Structures are given as structure tokens and as C-alpha cells.
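These are the residues of each chain, in order.
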Amino acid sequence: MTALILQHVPLKDRLASARVCKTWAEAAALATSSIKRSALSGAKLPGLQSWLQQHGRHLTSLELSVHAARNTVLQLPDLRQLRSLELACCQLQLQSVAHRQRTRSAARSPVVLLPHLTALELGCFVLSTPSTLLQLTRVTTLRSLKLDGIEITAKLQQRPKQLSHALSAVLQCNTQLTQLHVSGLVLEDAALGALSSLQQLQECWVGVCDGRVQGSWRACEGAGSTSANLLSGLPPSLTSLSIDEGRPSFDGTMTHVTLPRQLLQLTRLQQVMLDKARFCPSALASMTQLQQLHLDTCSWVGDAAAGAAAGDQLSQGVAALLAAVGQMLQLESLYVEGLWQGASLNSPDVPVQSYSALTASTCLQRLSLSVADAGPLPLGAVWGCMDTAFMAIERGV
């Protein structure tokens, strides 16, 4: 009865009631299956840790944002019923791992931690050692993994392959993932190869970097592009694919991700978002079921024969892109912004009537284009096909 009453008591007062007596502590624990705290001060974090250690065994959801230094650490006990964990502005340290490190009992077999955890989101924290990621290999039941806004120390930036191998190990221990978001942490060869083992993956959002670049992300422009072979094993279960360069926003280098020339296995894709990527326009031709296509600061690998002039390659790229888009009859949103290396949608060598492909889909609701000169686009035909759509055509400088 006490537990039922405490369910209607504000969380702060309910947690405080655990100090009244043993009975109230048990009742408060039974009444608390979810904790959500935003802007929690660092001074109050030890108190919450203590409560979780003593009374958190019934907790199924923990969402915590800490208002403190970004190297603040939450030592989380092995909460056996926890299903969802979201932690921002704070490092996660699984308590059992910390205890094992202190006792140096490395000879014992590793045990699975948080055995019911299916959703894990860690954001806005400082990563200084690969072990922070490697501890997550003890969690093997994840369906959703999000690592966002990670700040990597300068020392660790010099060891990108160690980070990639650590993330690869985590992915290999969680092959049931359906959702993967990695932002701020660069995927190289090992981690990209591990993606092929995620045969249930539906939503993939990753940052990719050229694994051949020496000395962290800060390499000179034009140092090369990530091998397309590293992305050729993307699982056919994907419905949403978002790939960007994977560098911090303050890094001005432009080593592009390169996609394979063909991705025939991705027949279920409904959304493709590419940022600072190199792609072959004809590779999109098989993605006729797309509902959203967003290309931001991209360039393309031409299909032209060796020795073709640069202008011819650009024209052929535009023509191939328009031909692919013209087959996407379920397309709801088309966004093309800031094509790289002088590429532009409005090529004088492409027949004007080819641009009607931009509005071939009767489902189109949003069309946003950035072009150097809007003149060649058949604007009258475009508007006629978009009675209920929003359209933005931005003139380049």
C-alpha cells in the first residue's frame, strides 16, 4: 500500500523517503521504476549513486543529464532490470568493471552486465581511453546504441585505430542492434567491417574517416578517401542510412567518404542522408523505394570513361542523378545543398526536359535545391507538379 501511495509522490521526495526507515526505503524502491533528472548538479550525483546501489534493483529506465564538468563519472551498479539508459554530460563507469580493475582479478571469466538493457544513449562526454568503450562489451542485449557529441582527448586522437577496434568489439557483442547512431567518434576499417554482422540493423547513422590518414583527423586536404569496399557490406535490413565525414565541425579538412558504386542489397532503404560524401549517382538507381534523399556538400564519382573531360564527367553525373531521382516515385523529400568541387545540378549540357525528374514523384512534399544558377531548371513545370509542396531553390553566390 505504501508503494502505491509513493507512486504519486514527486520523485525527489520519494527518493528522500528512503531515509525514513527500512520499510519506506523498500516501498520507495518498489514505486520507482523510472528516474528522469535534467541538469542534476555534480554535488548531488554521489547521493543518487548511493540510492541506485541500495534501492535501484527495480529500476527499468534511467535518464540523466548532469550539470557538471564533462569528465564527471557516474558509477552505475549492475541494475538487473534496467532496460533503457540515457546519460548526458557524464561518463559512464560500470561498477563491476571498476571493481574488477581494482582487485586485478582478470583471470575470472567476464560476466554479462545489465542483462535486460536494450537501449543505451551516451552523449556529451570526454573520451580519454578506449576502455570506456570496451567496458560496453559486457552488455550484450542492446537493440539501440547512440553515442553522440563525444569529445576525444588530443592524446587519444593519435590512436584512432584503437578506438575503432574498441567500437568494433562492442558491435560484435551486440549483433541484435536495430538502431546505431555514432556521432563524434570516427569509424575506421575495423568498426565498418563489424557493421556487416548486424543483420537486423534498420537505422544506421555513422561518421566515417579515411583509415589511411596518419596522425589523427587533422590531415591535409586531398589526403584520400575512405575505401568504398569498407561500406560494401552494409546489411540488407537497412531502412535508413546516414553517413557523414565523421570529423568535428571545427576541423576544416575535406577527406570525403566514398560509397560503393553499387549497393544492390539495400532494397529496403527509405531514407538516405549523405554529408560530405562521394558517391556514384547510378548507385542510387536501385533505390526506387526512397522516401527521403538528402545530399549535403557531396561530390560524385563519375561513370565516364577514363580520359573524359572534367566538364563531361560533371554533366554525366547530373544526368545520372536526375535519372535515378526520376525513378523514385515514392520520394517525399529531396534536398541537395552545396555540391562539392564545382559540381552543380544545373549543367548546360543536360537537356532541360531532364529536370522534370525532380518532381516525378507525386508524393513529393519538400524540394530544396542549391544551384549556381536557377535559369536552366524548368521552374514552370516544377511548380505545376507541387501544388501542396514546399519548395526552396537557393541561388548560389
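Above this text you will find the structure in question.
Cut-offs and rules
- Residues numbered from 1 in each chain as written.
- Predicted model: local features only at pLDDT ≥ 70, side-chain atom pairs only at ≥ 80, totals over all residues.
- Heavy atoms only, no water.
- Helix = DSSP H or I, 4+ residues; strand = E, 2+ residues; numbered from the N terminus.
- Expected span 1.5 Å × (residues − 1).
- Buried < 20%, exposed > 50% of the residue type's maximum accessible area, 1.4 Å probe, protein only.
- Core = buried A, V, L, I, M, F, W, Y, C linked by side-chain atoms within 4.5 Å.
- Contact = heavy atoms within 4.5 Å.
- Salt bridge = Lys/Arg side-chain N within 4 Å of Asp/Glu carboxyl O.
- Pairing = 2+ DSSP bridges.
- Arc of directions from axis to C-beta.

Asks: Before we move on, could you go through helix 8 (residues 160-172) and cite the residues and values that matter?
Replies: Taking 1.5 Å per residue as the helical rise, helix 8 with its 13 residues ought to reach 18 Å, and the 18 Å between its terminal C-alpha atoms agrees with that figure. Taken residue by residue, helix 8 has Pro-160, Leu-163, Ser-164, Ala-166, Leu-167, Ser-168, Val-170 and Leu-171 as its buried positions.

Asks: Please give an account of the nonpolar core that cites residues and values.
Replies: One broad trend across soluble globular proteins is that nonpolar side chains are buried collectively. In this structure, Leu-76, Leu-180, Leu-185 and Leu-293 are the most contacted members of the largest nonpolar core, which totals 93 residues. Filtering out sequence-adjacent residues up to four positions away, Leu-293 remains in contact with Val-272, Leu-284, Val-325, Met-328, Leu-331, Ser-333, Leu-334 and Tyr-335.

Asks: Please provide a residue-by-residue account of the pattern of salt bridges, values included.
Replies: Counted under the stated rule, the structure contains two salt bridges. Residue Asp-78 pairs with Arg-80 through a salt bridge whose shortest N-O separation is 2.4 Å. Residue class for Arg-80 comes out partly exposed when judged on its relative accessible area of 41%. Taking the shortest distance from any N to any O, the salt bridge between Asp-275 and Lys-276 comes out at 3.5 Å.

Asks: Explain the environment of His-181 to me, and be specific about the residues and the numbers.
Replies: Structurally, His-181 can be placed in strand 10 (residues 179-187). What makes His-181 buried here is its relative accessible area of 15%. Discounting residues that sit within four places of it in the chain, His-181 has contacts with Leu-145, Lys-146, Leu-147, Glu-203 and Trp-205.

Asks: Describe the sheet that holds strand 17 (residues 299-300), with residues and values.
Replies: Ordered in space as 13-15-17, the three strands form an open sheet in which the pairing is parallel. Both edges of this open sheet fall to strand 13 (257-258) and strand 17, since each of them pairs with a single strand only. Pairing between strand 13 and strand 15 (residues 277-279): two bridges, direction parallel. Across the sheet, the residue bridging to Thr-258 is Arg-278, located in strand 15.

Asks: Give a detailed account of helix 4 (residues 45-55), specifying residues and quantitative values.
Replies: Taken together, the buried positions of helix 4 are occupied by Leu-45, Leu-48, Gln-49, Trp-51, Leu-52 and His-55. Down the axis, helix 4 shows its buried residues gathered within 165° of arc, on one side only.

Asks: Can you lay out the environment of Leu-187 for me, pointing to particular residues and giving the numbers?
Replies: You can see Leu-187 is positioned in strand 10. With a relative accessible area of 0%, Leu-187 lands in the buried category.

Asks: A description of unusual backbone geometry should follow, citing residues and the corresponding values.
Replies: Phi angles above zero are rare outside glycine, and Cys-124 is one such case at about 55°. Within the secondary structure layout, Cys-124 lies in the loop between strand 6 (119-123) and strand 7 (126-127). Positive phi is not limited to glycine here, since Lys-276 has a value of about 55°. Relative to the helices and strands, Lys-276 resides in the loop between strand 14 (271-275) and strand 15.

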